[in-house]
Amino acid sequence: MPPKAAKGEYIETDTGNKISRRSQIHGTQHIILGGKTVIQAEAVIRGDLYRLPSTAASTDPSNPPQQSNAPSVAITVGRYSYISKSAVLRPPSRLHRGVHSFYPLKIGDHVFVGESAVIEAASLGNHVHVGAGATVGSMAIIKDFAMVLDGAVVPPGMVVPSWSVVGGRPARIVGEVGEGYGVEGAEGGMARERYRVVGRP
Amino acid sequence: MSRPFPYTYISCPCVDTPVPDPSKKRRSRETPQKSTPERDAETKEDQDKTNLPNEEAEEEEEEQTFDPRSPRSNFSLYPPEQLLYCEDCHEIKCPRCITEEIVSWYCPNCLFETPSSMVRSDGGRCGRNCFNCPVCTAPLAVSTIENVTGNGSGQGPWVLSCGYCLWTTLDIGIKFDKPTNIRSQLQKMTDSTTTPTFDGRSRQGSRAFGDLKSPLSNFASIDEQSNSGERDGEQPASKETPIPTPHLGAEARFAALKSFYRTQISETSNSPSDPLSSEFGFSSPGALNRLMSLYASSSRLSGLYGGNKKPKSKPPVMREALTASEGLRIASEDTDSGLIQRIASSDCGWDGVASLGQRIEQSPDVRFVDELLPLPVLLRTKRAKRCKSCKHILVKPETKPQSTRFRIRLIALSYIPLPTLRPLAQPSTSSITGSAPAPDLNALSPLRPYHVLLTLKNHMFDPVRITLATPSVTPGVVATKVTVLCPQFEIGANSDVWDEALQNATAPLSDRIIGMRGGEKVPEAGKVWEKGRNWTTVVLEVVPGTLPGTQAEGGQAIDSDIVASFQKDEDVLEIPVFVHMEWDAEAQLEQQNVGKASKPDDLVARELAYWMVLGVGRIQASL
């Protein structure tokens with residue numbers, strides 16, 4: 001393979017997403033990026049783990065498979081979100097009535113996912129900050145303006161309410177962020193600045 | 001130090017003002033009622049005396065510079081987004097200078113609001129299906145055991161299971177009949193017996209519904225509880241306990257004891273006219289009255305030689321709980337030895353004994369892991385915040401737990417300029433390549449000049465004039481030289497939102513151009529580095545000092561005192577910066593008269609001054 005020295009590290013899409021050439025994105029047709037999203041090198045995004053429409057049909061034989069042509073979405077990412085180096089985004093899964101199936105992972109706007117964090121949440125709200133090395137368990141829900149500290153392990157199914165800070169293993173609510181959290185340019189509101197800096201020569 | 005470099009903290013001005021003493025306030029509130037002239041004079045003198053040293057201290061402090069390392073500043077340094085601003089006091093307010101009041105209670109797990117009337121009866125915990133694991137505190141999920149086949153919904157039995165440590169209620173032998181209302185199901189099981197080996201289906205709670213709630217619920221339902229208390233009081237008298245309950249659960253026993261003592265208090269009360277004594281516990285004013293009268297009468301009885309003894313009836317004596325239904329539990333003789341044997345036995349071991357952290361949330365009798373009960377999730381609150389000095393509301397969130405909006409939110413960031421810090425790439429090291437690497441802030445080499453860009457962004461709709469001041473040498477063991485190259489500058493107003501939107505569209509391009517130029521640009525004294533619509537960047541020149549260890553390498557004599565006093569994080573380079581801001585604000589109603597005289601167009605000159613701390617980086621030991 002010839003070296004691609006001339007090109008920059010990041011591919012910029014029409015909607016302004018900056019995606020590292022060294023990221024690993026699987027199942028791209030099942031991933032929606034809201035625009036101006038940054039995906040750094042070695043990040044793994046598992047769009048191939050989408051919910052199979054056939055599983056619903058097989059458990060329910062009376063219903064004919066109707067949504068087979070519409071591609072199911074595995075991962076949605078909002079605007080100005082930032083997926084750091086070697087972070088893993090994986091849709092959550094659950095054993096429901098004996099069938100193991102995947103559910104969509106929704107990530108809001110202005111979300112920061114730290115280095116080598118593993119996200120298996122059902123949803124991350126807007127302005128959520130996930131620290132480096134943190135793990136967010138399957139089907140967890142992190143509401144807007146919440147903060148997951150570095151190295152925290154959010155257990156599966158946990159709900160983190162807005163404005164709260166969680167940390168520890170297993171994660172507990174350890175504090176609250178200030179009222180000014182998420183103001184443009186301050187803590188929690190650095191997303192535009194972060195985006196702007198990425199891929200600059 | 002908890003944040004990665006570079007960071008900025010702002011010091012709340014309250015650090016200089018003494019903490020208001022609540023006792024003083026109370027005294028001053030009392031004085032108008034009993035206003036004796038001597039006393040007033042005394043208090044005035046007192047105040048004068050206390051004020052004098054304060055003023056002196058303030059004058060001294062004005063001369064002094066702010067030391068981010070002093071123990072006091074620990075309490076005043078906050079990240080900018082934590083601070084509020086009071087529009088009436090025109091001051092920054094930190095969490096120390098506000099009071100909070102609860103707007104609503106909600107469960108952090110199901111995010112349902114709990115009405116404040118229910119909070120007490122539920123014991124401050126979620127009354128629905130939300131439980132925390134007693135072993136590891138992770139939330140528990142309701143799941144079923146027997147529906148692997150998946151042919152129908154609602155096939156019980158149900159258990160609570162932890163997704164983190166894989167604990168389930170099966171470990172303590174609890175199953176639930178239905179997946180809803182688990183808390184009352186659990187309470188029924190645990191209240192009827194203390195033995196952990198129960199089956200949810202066979203054992204039905206025999207206690208009255210008052211026991212389904214927490215003992216605190218008695219406060220909420222006074223009438224009903226006092227009635228039941230009377231009934232309980234009659235039961236031992238007739239010696240006919242209709243429900244033979246040999247072992248009450250911990251909460252039921254507490255409730256029984258509580259109702260028993262309440263009836264005792266009401267029966268033996270001296271003052272039946274006082275309605276409080278019968279309805280509240282010992283801590284009530286009625287109970288206090290009763291105690292006081294007890295002491296008063298006894299002292300009169302003892303003072304026989306005083307001669308003024310009145311014929312007074314002896315106060316009736318309270319008795320203690322005598323039967324199990326009243327809450328009495330007699331410990332059996334071999335309880336302790338049984339416990340010890342169980343702890344020592346091989347099937348229990350270290351893992352079988354509950355840890356202190358686990359026991360602290362449980363009933364005091366719990367010693368082993370298999371006795372731990374799932375914990376209903378503690379409720380959380382949404383709180384409004386008020387200024388402590390003028391009582392104006394600074395923050396008022398919306399009541400709904402899911403909402404992230406605020407009705408009122410006066411954060412400091414809307415008033416004071418937001419400081420951000422960024423190291424300037426060093427041009428001297430690699431001028432040929434053009435793009436110099438940014439210095440590693442975790443290892444600043446001593447005695448080498450660094451340039452740091454300080455950006456102040458104005459969120460007000462008026463332009464602001466800023467004056468920065470910093471001590472030329474930072475306080476602490478490591479003396480770092482700091483120079484603000486442009487200490488006086490102006491920041492533009494935060495104009496219309498639409499302007500901002502339009503500017504943001506073009507921002508990346510213009511920024512890039514500036515960034516290109518940044519490589520060639522040389523910081524000059526007295527000149528602003530960069531200026532935007534509502535922000536201005538200035539350059540700080542920083543020459544990190546040497547750590548005591550490196551001085552030794554340089555061949556200088558080691559000052560052993562300094563080395564000894566060198567503590568952890570002494571190598572962190574923190575620069576105190578004094579910010580003075582001035583702006584012309586539109587006059588508010590009460591200031592209009594003053595404003596007219598001095599300035600046209602109803603403008604009032606305002607100023608605000610505070611210290612902030614810039615955390616630049618960590619100085620490395622070697623040169």
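Treat the numbers as computed from the prediction; the structure is a model and nothing was measured. The residue numbers shown here count from 1 along each chain, following its written sequence. Written order determines the labels here, with chains lettered from A and ligands numbered from 1. Per-residue local features are limited, in this predicted model, to residues with pLDDT of at least 70; the limit for side-chain atom pairs, both in listing and counting, is 80 or more; totals at the level of whole chains, interfaces and linings are taken over all residues.

1. Examining the overall build of chain B
- By definition, any uninterrupted DSSP run of H or I lasting at least four residues is a helix, any uninterrupted run of E lasting at least two residues is a strand, and each is numbered from the N terminus. Helix and strand counts for chain B stand at 16 helices and 22 strands.
- Counting other C-beta atoms within 10 Å of a residue's C-beta gives its exposure: the residue is buried at 20 or more, exposed at 12 or fewer, and partly exposed in between, where C-beta atoms are placed from the backbone. Every one of the 623 residues in chain B was classed for burial, and the buried ones make up 27%.
- By definition, residues are in contact whenever their C-beta atoms, placed on the basis of the backbone, come within 7 Å of each other. Long-range pairs, those at least 24 residues apart, make up 67% of the contacts in chain B with a sequence separation of at least 6.

2. Observations concerning the overall build of chain A
- Within chain A, the secondary structure is distributed over two helices and 23 strands.
- When the 201 residues of chain A are sorted by exposure, 49% land in the buried category.
- For chain A, the share of sequence-separated contacts (at least 6 apart) that also reach a separation of at least 24 residues comes to 38%.

3. Thoughts on the sheet that holds strand 18 (residues 141-142) of chain A
Residue and element names in this part refer to chain A.
- We call two strands paired when DSSP finds no fewer than two bridges between them. Overall, parallel pairing links the six strands, which are arranged 4-7-12-15-18-21 in an open sheet. With one partner strand each, in any of the chains shown, strand 4 (31-33) and strand 21 (159-160) form the two edges of the open sheet.
- Inspection of the sheet shows strand 7 (residues 75-77) paired to strand 12 (residues 105-107) by three bridges, in the parallel sense. Looking at the pairing, Thr76 lines up with Lys106 of strand 12.

4. Thoughts on the sheet that holds strand 13 (residues 406-409) of chain B
All names here are of chain B.
- In space, the five strands of this open sheet follow the order 6-5-11-12-13, with antiparallel pairing throughout. Pairing within the sheet leaves two strands with one partner each, and these edge strands are strand 6 (113-114) and strand 13.
- Direction of pairing for strand 12 (residues 393-397) relative to strand 13: antiparallel, over a ladder of three bridges. If you follow Pro397 over to strand 13, its bridge partner there is Phe406.

5. Brief notes about the environment of B:Ala412
- Among the structural elements, B:Ala412 can be located in the loop between strand 13 and strand 14 (418-423).
- According to the C-beta neighbour criterion, B:Ala412 is buried, with 28 such atoms within 10 Å.
- Sequence separation between B:Ala412 and B:Leu83 is 329 residues, and the spatial gap between their C-alpha atoms is 5.3 Å.
- Ignoring any residue separated from it by four or fewer positions in sequence, one finds B:Ala412 in contact with A:Gly180, B:Pro80, B:Leu83, B:Leu84, B:Tyr85 and B:Ile92.

6. Some thoughts on the nonpolar core
- Core analysis: the largest hydrophobic core is formed by 74 residues, its most contacted members being A:Ile142, A:Val148 and A:Val154.
- No other element matches the four residues that strand 9 (residues 158-162) of chain B contributes to this core.
- For A:Val154, the contacting residues outside a window of four places in its chain are A:Thr135, A:Val136, A:Gly137, A:Ala140, A:Val148, A:Val160, A:Val166 and A:Ala171. Connectivity within a nonpolar core runs through C-beta atoms within 7 Å, and the core itself is a set of buried Ala, Val, Leu, Ile, Met, Phe, Trp, Tyr and Cys residues.

7. Remarks on the environment of A:Ala132
Residues and elements named next belong to chain A.
- Locating Ala132 in the fold gives a position in the loop between strand 16 (129-130) and strand 17 (135-136).
- Using a count of 17 C-beta atoms within 10 Å as the deciding quantity, one classes Ala132 as partly exposed.
- In sequence terms Ala132 and Ala117 are 15 residues apart; their C-alpha atoms lie 5.6 Å from each other.
- For Ala132, the contacting residues outside a window of four places in its chain are Gly114, Glu115, Ser116, Ala117 and Asp150.

8. Thoughts on the interface of chain A and chain B
- Residue-level contacts link 28 residues of chain A with 35 residues of chain B.
- Gly is put with the polar residues, along with every residue not named as nonpolar or charged; the nonpolar set is Ala, Val, Leu, Ile, Met, Phe, Trp, Tyr, Cys and Pro, and the charged set is Asp, Glu, Lys and Arg. Classifying every residue of the side of chain A that touches chain B gives 13 nonpolar, eight polar and seven charged.

9. A word on the pairing of strand 17 (residues 481-484) of chain B
Residue and element names in this part refer to chain B.
- Of the two faces of strand 17, the one holding Val482 and Val484 is buried and the one holding Lys481 and Thr483 is not buried anywhere.
- As defined by bridge partners, strand 17 adjoins strand 20 (residues 535-543) across four bridges and the pair is classed as antiparallel. Its bridge partner lying in strand 20, Val484 is registered against Leu540.

10. What about the confidence of the model for chain B?
All names here are of chain B.
- For chain B, mean pLDDT is 72; residues scoring 70 or higher make up 62% of the total.
- Every residue gets a pLDDT, meaning the predictor's confidence in that residue, from 0 to 100. Every residue in residues 24-61 is under pLDDT 50, and counting partners more than four places away or in other chains gives eight contacts.
- Contacts from residues 428-435, a stretch scored under 50 in pLDDT, to residues over four places away or in other chains number five contacts.
- Among the scores for the predicted complex, ipTM is 0.86 and pTM is 0.74.

11. Digging into unusual backbone geometry
- Here the residue pair A:Arg169 and A:Pro170 is connected by a cis peptide bond, since its omega of -5 degrees sits within 30 degrees of zero.
- Positionally, A:Pro170 belongs in the loop between strand 22 (164-167) and strand 23 (172-176).
- Between B:Phe5 and the following residue, B:Pro6, the backbone shows a cis peptide bond with an omega angle of -15 degrees.
- Here B:Pro6 is to be found in the segment before strand 1 (7-11).
- In this structure, A:Tyr80 is a non-glycine residue whose phi angle is positive, near 55 degrees.
- Along the chain, the position of A:Tyr80 falls in the loop between strand 7 and strand 8 (82-83).
- Judged by local crowding, A:Tyr80 falls into the buried class, with 26 C-beta atoms found within 10 Å.

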